[in-house]
Amino acid sequence: MFPFISSQFIFFLTIGLVLFLPGYAIIKAIYGKKTPYNPLEIFLISFGVSLVTIDVILILLGKADVPLTRTSILTSLFTFLAICLGIFWFQKTKTNQAVPKEPTRLSFSKKETALFVLLMFLSIFFRTAYLKNTISPTATDLGHHMYWIKVISQTQALPEYTKTDIVKENEVYKIGTPQKIEDFIIGEHLFLAAIQIITGFKVVSSFPVILLYLTDLMGLLAIFVLTYALFSRFAFANLAALFSLFLLGPLFAFSSSQANFVSGGVVGNLLGNVLIPLALYFFYRALEEKQVSFLVFGIFITFGLFYTHHLSAFVFIFALLATFGLLFFSPEKALADLQEIFRLLLSPAVLLIVFSTIVFFFFVLMPSYIQNNAVQTVLGAPSRSTKEGLSITQLSFLTGEVRMILAILGLGVLLFFKNKFHRQFALLAGWTGMTFLMSWKPTLVNINIPSSRIANYLVFPAVIAGAFFLAWFFQILKTSDKKLFLKEYWLVASFLIILLFGFTGGYYDNTKSLKENVSANSAVITYDSAKYLTTRIDKTDLILKDHNYISNDSWMKIFFMRDYNFPLTRSFFFRYEGTNREQCTFSMISDPNSTFGKKCFQETGTNFVILNPTVDGGQFEKNKAFWKIYDSGSISTFYLKQ
Amino acid sequence: MEKSKKVILLIVAMFLLSSLWLSYISQKQMNPDYQKDWWTLSFNSPKSSSLDFVITNHSKGSNFHWQLLAGTTSLKEGDVSLQPGQNKTVSISPEVAASNSDKKITIIVTDAKKSVKEIYKNLP
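Residues numbered from 1 in each chain as written. Chains lettered and ligands numbered in written order. Predicted model: local features only at pLDDT ≥ 70, side-chain atom pairs only at ≥ 80, totals over all residues. Heavy atoms only, no water.

A.B. asks: How should I be thinking about the pattern of salt bridges in this particular structure?
C.D. replies: A pair can form between side chains of opposite charge whenever their charged atoms are brought close. Residues and elements named next belong to chain A. In total, this model carries 19 salt bridges over all chains according to the counting rule given. The salt bridge partner of Arg 423 is Asp 337, with a shortest N-O separation of 2.6 Å. Of this pair, Arg 423 sits in helix α19 (residues 422-440) while Asp 337 sits in helix α14 (residues 331-345), and the two are 86 residues apart along the sequence. Given a relative accessible area of 3%, Asp 337 falls into the buried group. Residues joined by salt bridges that share partners form a network here, namely Arg 233, Glu 288, Asp 337 and Arg 423. (Salt bridge = Lys/Arg side-chain N within 4 Å of Asp/Glu carboxyl O. Helix = DSSP H or I, 4+ residues; strand = E, 2+ residues; numbered from the N terminus. Buried < 20%, exposed > 50% of the residue type's maximum accessible area, 1.4 Å probe, protein only.)

Okay, here's the thing in structure tokens:
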């Protein structure tokens, strides 16, 4: 028990050091003792800013050819913290600031505080209930990501995102040279790698899921804080923020973009779900309160977003452009805002951060998807049906029907009162509208991305718009004329119906999504089949595995650490239909005794096959050239004796 | 302490407790012997003619019966007792492989619940 407790203590200490202290130190260095943030905002901002800061530190170390070890990472972090502390101390002694009172921002009554705590408790409770069967390292996407964490740990350097594959040259199949992979972005991996290197935890363990769980919770807080910021000038601001937490936290807790993404290891999306609202929060406050520091932070977070997740950055840019356009619904106010934006942009601090990010982008490291010109692949007409847009029904299902309805109502009210809610309307309508358009009719915005992936982003602005509607509605009830007795009761009734609809819809989704089986049971068997071979093969051996009927197989590569694509994989069958994709990995398992299958075995040098014997064993048992060398019941391994 | 800071500490505490519990159960779930019932049969040297094989036990039972066949003829058999988490390598004399070239040598292992696994080599 003691080793477990001590390892967990080190783990949480490392989380604090890597994911909170750098951001907190920057805030203190910039503002000194008097910050324009409530402690909850500082808590959230520390996390978001730390995410970007650790990326920058590790990239600088890597580019300077400093090995990424526990010593170098800790030394860099402590040096950075010391510099920030020095700046803070210098500011403190220079200005002799008195200890400020807690700002009145996000100031809750006792009941509101209790409600906030209750909602956070329910959010954590439901996520814990879901994750108890999925906490172990088993998800396909996470397996792919954790391979790169182990690469960083083993090579002590920044990763080169490449993989080898079977290629056909002059009618001969062989293993080709490493080709670049566009789908991985360095910011998804560096914070995980930093924590893995410092703690020494095994890559195949629960720590990445715990970190994603934390990221998901910070995403909740980001929406909560953004909602408050948007409506901070109004009496219902607290209520709006609490409703946003209600609609996002305990309801639909397991759906995609929430706990499902946590256990699924959808790293980039989860990070984007924190960084997008945080960036919008800073930009909004910069415009609203005309403070340069907010714009500086907003630019920093946006810069980090581009190094973290291309899809999130893409959605963010579109949302920002739409917001900017919608500001001109009120032209006079828009012109005033534009003037203010230019004034802020021309301030020395903003020019410095913009210059720094440009220098970093062009001279230190460019995000891989820009280096590989992957951007042009996502623009243009949809290349297959999954990118042609979702129906309204599908979008409602993904977003949650009640949230969709509330969002429409909220946007309607914002539009009706757009003079009063000028900026709020522009931001929420722009964000929601653009995301909706990109996932409903992508041809109208000329994008070529799976529509369901875009639709996952719709939840967050929809929740804020819906929360606004509920809070505004509730405020109307509270302040309504009591003489309108009957009318008030009708309003209360419809409000309660909405809440009931929300509860049942949200909790129904929760119960539907709960996993019954522990995912680790099959994973342990799969990993054993990989471990069996690791000590029994040499560099000339080539393994092929099946992805269709073996669970958790994407983690196998972590045991071999030879290449991202080792073992080779017979992928999902639909991926081989009507494409230029090589067919060897398909035929070598599906039809190993065919002429083509044998040709592939001979020319690629594949000599080990890992598969599910109940589905694919028969075709191998017919062929005397194959030896059955491993059997666990659900997985068998065959060896091709040449 | 200011109210906001107390709330943050409370949230952090809830997350810590939740994470601790999840990490603890994950450790158990990833234990191949914890609440699991499986075992494996494999050749110690998959690429050579050696017929030494390994039984690895992660099941609730402990008794295994093995049989070595050349074609359909039983050459050897025996019993192995293994506790969960243990494995045993059963050595087969190289003479068996040498004297049964050009035959399919099959190792069949049966556990107490009559669950059967087999591995084989088609000796050249």
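A.B. asks: Would you take a moment to explain the environment of A:Ala129 for this structure?
C.D. replies: Residue and element names in this part refer to chain A. Tracing the sequence through the fold places Ala 129 in helix α5 (residues 110-131). Ala 129 sits in the partly exposed class, given a relative accessible area of 27%. On a C-alpha basis, the gap between Ala 129 and Ala 259 in space is 10.0 Å, while along the polypeptide they are 130 residues apart.

A.B. asks: Quick question: what am I supposed to make of a nonpolar patch on the surface here?
C.D. replies: All names here are of chain A. The grouping of Leu 115, Leu 118, Phe 121 and Phe 125 at the surface amounts to a nonpolar patch, some 370 Å² of accessible area in total. Relative to the helices and strands, Phe 125 is located in helix α5. A relative accessible area of 47% places Phe 125 in the partly exposed class. (Patch = residues over 30% accessible without salt bridge, like charges linked within 9 Å, V, L, I, M, F, W, Y side chains within 5 Å. Areas by Shrake-Rupley, 256 points an atom, 1.4 Å probe, with all protein chains shown as cover.)

A.B. asks: Is there a simple way to think about the interface of chain B and chain A in this case?
C.D. replies: One frequently used descriptor of interface size is the decrease in accessible area upon assembly of the parts. Contacts between the two partners involve 43 residues from chain B, matched on the other side by 59 residues from chain A. Overall, the association of chain B and chain A removes approximately 4500 Å² of surface from exposure, summing both partners, and the carbon and sulfur fraction of that is 68%. Among the residues of chain B in contact with chain A, B:Phe15, B:Lys47 and B:Tyr120 are the three that bury the most area, contributing 16% of the side total. For the interface between chain B and chain A, the tally reads two salt bridges. A salt bridge links A:Asp538 to B:Lys47; the nearest nitrogen and oxygen atoms lie 3.1 Å apart. Here chain B is connected to chain A by 20 residue pairs in polar contact (both at pLDDT 80 or more). With 22 residues, helix α1 (residues 3-29) of chain B is the largest single contributor of residues to the side of chain B that touches chain A. Its residues assigned to classes, the side of chain B that touches chain A comprises 23 nonpolar, twelve polar and eight charged. (Contact = heavy atoms within 4.5 Å. Buried area = accessible area lost by both parts, 1.4 Å probe. Polar contact = N/O pair within 3.5 Å; in protein donor to acceptor, adjacent residues only side chain to side chain. Nonpolar A, V, L, I, M, F, W, Y, C, P; charged D, E, K, R; others polar.)

A.B. asks: It is not clear to me how the packing of aromatic side chains should be interpreted in this structure. Could you clarify?
C.D. replies: The description of two aromatic rings rests on the distance between their centres and on the angle between their planes. In this structure the tally under the stated criterion is 65 aromatic pairs over all chains. Summarising the aromatic geometry, the rings of A:Phe314 and A:Phe318 are spaced 4.9 Å apart at their centres and angled 50° between planes, so their arrangement reads as tilted. With A:Phe314 and A:Phe318 both in helix α13 (residues 310-326) and four residues apart, the pair spans about one turn of that helix. Taking the relative accessible area as the measure of exposure, A:Phe318 reaches 18% and is therefore buried. With a centroid separation of 5.4 Å and 65° between ring planes, the pair formed by B:Phe53 and B:Trp66 is classed as edge-to-face. Of this pair, B:Phe53 sits in strand β2 (residues 53-58) while B:Trp66 is found in strand β3 (residues 63-70), placing the two residues 13 residues apart along the sequence. An identical accessibility class is assigned to B:Phe53 and B:Trp66; each is buried. Joined through ring pairs, the aromatic side chains of A:Phe11, A:Phe12, A:Phe201, A:Phe207, A:Tyr213 and B:Phe15 make up one cluster. In this structure, A:Lys441 is placed above the aromatic ring of A:Trp440, and the distance from its NZ or CZ to the ring centre is 5.1 Å. (Phe/Tyr/Trp six-rings, centres within 6.5 Å; stacked < 30°, edge-to-face > 60°. Lys NZ or Arg CZ within 6 Å of the ring centre and 35° of its normal.)

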